[in-house]
Amino acid sequence: MKEKFRKFLVALKRKPHMIPLVVLVVAFVFYSLRLTVISNTTARIQGEGMGLCGFVTMLFSMLGLVSFGRSFPHRKPVNKAMLILMFVMFAAVIYADIRYIGAVNNALYREVDPITVTESTSYITESVSMLRGHIVILAIGLCLTALLPVYAPMIKKIKTSINVEGNGEMETIDISGEDA
């Protein structure tokens, strides 16, 4: 178990950008697994731009993950253009989520024919709470991405080498090849 943890730390030292990537993937999966709630809410309320907001969230979430992957090429410096594009896409996702929440709130609290949430339409309030959680997870992932230059050097300072017996006796080994 100790060796597996050491190998995990070594992998993390080599690719510290995997931390925010995992958080952003969790946000995508969190939204994707609850897409039925969003679809049912959109079909029930039929507010202006709600379907487009759901589409933008899915599309830009996938494209944002792709651009994140292209931002950190192996053994090359960070691709800043792709990183900026990733931040723009996830900002659009957060805006779409906020706009969707606003459309749901407008439908629930409008003066003319407000939608009432019953037991059969409880998915409406569930969609709002799910979107708030999605925004929080995305914000955490974006903060971790922005702070990567701060905590990556700290991760690289973690000692992961192991002491092998006999390393101290390297002087006694004859590598000249004169005896052979």
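Above this text you will find the structure in question.
Everything numeric here is computed off the predicted structure, so don't read it as measured data.

J.: Explain the nonpolar core to me, using residue names and the numbers behind them.
T.: Ranked by size, the top nonpolar core spans 43 residues in total, and within it Phe-90 and Val-104 carry the most contacts. Sorting elements by how many residues they give to this core places helix H5 (residues 80–109) first, with 12 residues. For Phe-90, the residues in contact, after removing those within four places along its chain, are Leu-24, Phe-60, Ser-61, Gly-64, Leu-65, Leu-138 and Leu-142.

J.: Pulling in residues and values, what's your account of the layout of surface pockets?
T.: Estimates place the volume of the largest pocket at around 510 Å³. Surrounding the largest pocket, 20 residues form its lining, Arg-14, Pro-16, His-17, Phe-72 and Val-78 being those nearest its centre. Those elements giving two or more residues to the lining of the largest pocket turn out to be H5, helix H6 (123–146) and helix H7 (148–156). Top element by residues in the lining of the largest pocket is H7. It accounts for five residues. For the lining of the largest pocket, the class distribution of residues is 12 nonpolar, three polar and five charged.

Thresholds, definitions, all that
- Residues numbered from 1 in each chain as written.
- Predicted model: local features only at pLDDT ≥ 70, side-chain atom pairs only at ≥ 80, totals over all residues.
- Heavy atoms only, no water.
- Core = buried A, V, L, I, M, F, W, Y, C linked by side-chain atoms within 4.5 Å.
- Buried < 20%, exposed > 50% of the residue type's maximum accessible area, 1.4 Å probe, protein only.
- Helix = DSSP H or I, 4+ residues; strand = E, 2+ residues; numbered from the N terminus.
- Contact = heavy atoms within 4.5 Å.
- 1 Å grid on protein atoms, 1.4 Å probe; cavity = no way out; pocket = protein on both sides within 12 Å on 5 of 7 lines; lining within 4 Å.
- Points joined across faces, edges and corners; volume = space filled by probe spheres on them.
- Nonpolar A, V, L, I, M, F, W, Y, C, P; charged D, E, K, R; others polar.

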